[in-house]
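Per-entry structural report
Given next are the chains, with one letter for each unit.
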Amino acid sequence: MVETERLLLREWREDDFEPFARMCADPRVMEFFPATLTPEETVAGIERGRAHFARHGFGWWAAELKETGAFIGFIGLAVPYFEAHFTPCVEVGWRLAAEYWRRGLATEGARASLRYGFEVLGLAEIVSFTTVANVRSRRVMEKIGMTHDPADDFDHPRIAEGHPLRRHVLYRLRANAA
Ligand SMILES: CC(C)(COP(=O)(O)OP(=O)(O)OC[C@H]1O[C@@H](n2cnc3c(N)ncnc32)[C@H](O)[C@@H]1OP(=O)(O)O)[C@@H](O)C(=O)NCCC(=O)NCCS
């Protein structure tokens, strides 16, 4: 578990499922993904997350707002499940319920995740990526000190050719630059 000023980044609990399914069915939250998720797809995602924690010892943490105890989404570190020119690697990522956006919460949790990755896991580099048009997510990447080299841009191998979300930007941060 990791604690920040306003957040607990913790293990998932059974009662996280309902608010997580609600946010994954929200078109605002899923604007830059191919589709919103059904409850069954959300359960499958949580199961994959559990398996990731078991295999790697880290993953997407459930993010809880300390002030209210509310589950607000996930923030954390993960090993991408596809191959690309920059894999294998560890990425930092985030997905929050829309009512909690624009308070700097993703940035706060992402900074703590980077510290954990560099200081506890001893990683040499952490990356992040998103579709080109996802300005909110790119802004978080920039605010946490990551840099973007257009030469790293790539086509996401799990998104169909010709799909508008296929082109992705990659941001990187090395431990000695953090
Ligand atoms: C991306 C996401 C986690 C950001 O969460 P957040 O807590 O609102 O992020 P922060 O408040 O820390 O920072 C967001 C930044 O984006 C900016 N921003 C928000 N909406 C914007 C918009 N429409 N255009 C440009 N910038 C925007 C904010 O102003 C802020 O930057 P600033 O501090 O310089 O003003 C949240 O929007 C989200 O969950 N989106 C849906 C899921 C998603 O896309 N996840 C990432 C997939 S790679």
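Quick caveat: nothing in here was measured; it's all calculated off a predicted structure.

**A word on the overall build of the chain**
Along its length, the chain carries four helices and nine strands. The C-alpha atoms of the chain give a radius of gyration of 15 Å, which matches the 16 Å a tight globule of 178 residues would have. Viewed in the frame of its principal axes, the chain has a C-alpha envelope of about 45 × 40 × 35 Å. Every one of the 178 residues in the chain was classed for burial, and the buried ones make up 48%. Entry remark: accessible area of the chain is about 9,700 Å², with carbon and sulfur atoms responsible for 51%. Positive and negative side-chain charges in the chain, numbering 23 and 26 respectively, have mean positions lying 3 Å apart.

**Quick notes on helix α4 (residues 135-143)**
Taken residue by residue, α4 has Ser137, Arg138, Val140 and Met141 as its buried positions. Viewed end-on, α4 has its buried residues packed into an arc of 155°, placing them on one side of the element. If you follow the buried residues of α4, they end up packed against β5 (91-96), α3 (105-120), β6 (125-131), β7 (147-148) and β9 (167-174). Positive phi shows up at Gly145, right after α4, with a value of about 90°.

**A look at the site of the ligand**
With respect to spatial proximity, 21 residues lie near the ligand, and among them Leu96, Arg102, Thr107, Arg139 and Lys143 are the closest. A distance of 2.8 Å separates an oxygen atom of the ligand from a polar atom in the side chain of Arg139. Contacts to the ligand include Lys143, whose side-chain N or O atom sits 2.6 Å from an oxygen atom. Computed on the free molecule, the ligand has an accessible area of 960 Å², of which 78% lies beneath the protein chains in the complex. Secondary-structure elements contributing two or more residues to the shell around the ligand are β5, α3, β6 and α4.

**Some points on the nonpolar core**
Ranked by size, the top nonpolar core spans 41 residues in total, and within it Ile72, Val92, Trp94, Ile126 and Met146 carry the most contacts. Listed by contribution, the elements that provide at least two residues to this core are β2 (7-10), α1 (17-24), β3 (60-65), β4 (71-78), β5, α3, α4 and β9. In terms of residue count, the dominant contributor to this core is α3 (six residues). Ignoring sequence-local partners within four residues, the contact set of Met146 consists of Val92, Ile126, Val127, Ser128, Met141, Tyr171, Arg172 and Leu173.

**Quick word on the pattern of salt bridges**
Inspection of the entire model under this criterion finds 17 salt bridges. Note that Arg10 and Asp16 form a salt bridge whose closest N and O atoms lie 2.9 Å from each other. Take Arg10 and Asp16: they sit in the same class, and that class is buried.

**Re the side chain of Thr130**
Turning to its location among the elements, Thr130 is positioned in strand β6. One polar contact links Thr130 to Asn134, side chain to side chain, over a distance of 3.2 Å. In this structure, Thr130 is in contact with Ser137, Arg138, Met141, Arg167, His168 and Val169, ignoring residues within four places of it in sequence.

**Notes on α1**
Taken as a whole, α1 has its buried residues at Pro19, Phe20, Ala21, Met23 and Cys24. Taken together, the buried residues of α1 touch α2 (39-56), β4 and β5.

What counts, and where the lines are drawn
- Residue positions are given per chain, counting from 1 as you read along its sequence in written order.
- The predicted origin of the model limits local features to residues at a pLDDT of at least 70 and limits the giving and counting of side-chain atom pairs to 80 or more, whereas totals for whole chains, interfaces and linings rest on all residues.
- Excluded from the side-chain calculation are hydrogens and water; included are all heavy atoms of the structure.
- Per the convention used, a helix needs a DSSP run of H or I reaching at least four residues, while a strand needs a run of E reaching at least two, with both numbered from the N terminus.
- Radius of gyration: over C-alpha atoms. The globule rule applied is 2.2 Å multiplied by the number of residues raised to the 0.38 power.
- In this scheme, a residue with accessible area under 20% of its type's maximum is buried, one over 50% is exposed, and one in between is partly exposed, where area comes from a 1.4 Å probe on protein chains only.
- All accessible-area figures derive from a Shrake-Rupley calculation using a 1.4 Å probe, and residue coverage is judged against the displayed protein chains alone.
- Under this rule, positive means Lys or Arg and negative means Asp or Glu; His and the chain ends count for nothing.
- All charge positions are set by atom: Lys at NZ, Arg at CZ, Asp at CG, Glu at CD.
- By arc we mean the arc of the directions from the helix axis to the C-beta atoms, nothing more.
- Contacts are assigned to residue pairs that have any heavy atoms within 4.5 Å of one another.
- Here a residue counts as near a molecule or strand whenever at least one of its heavy atoms sits within 4 Å of it.
- The definition of a polar contact used here is a pair of N or O atoms within 3.5 Å, where within protein one atom must be able to donate a hydrogen and the other to accept one, and adjacent residues in sequence count solely through side-chain atom pairs.
- Take the buried residues of types Ala, Val, Leu, Ile, Met, Phe, Trp, Tyr and Cys, join any two whose side-chain atoms come within 4.5 Å, and each joined set is a nonpolar core.
- A side-chain nitrogen of Lys or Arg and a carboxyl oxygen of Asp or Glu constitute a salt bridge if their distance falls within 4 Å.

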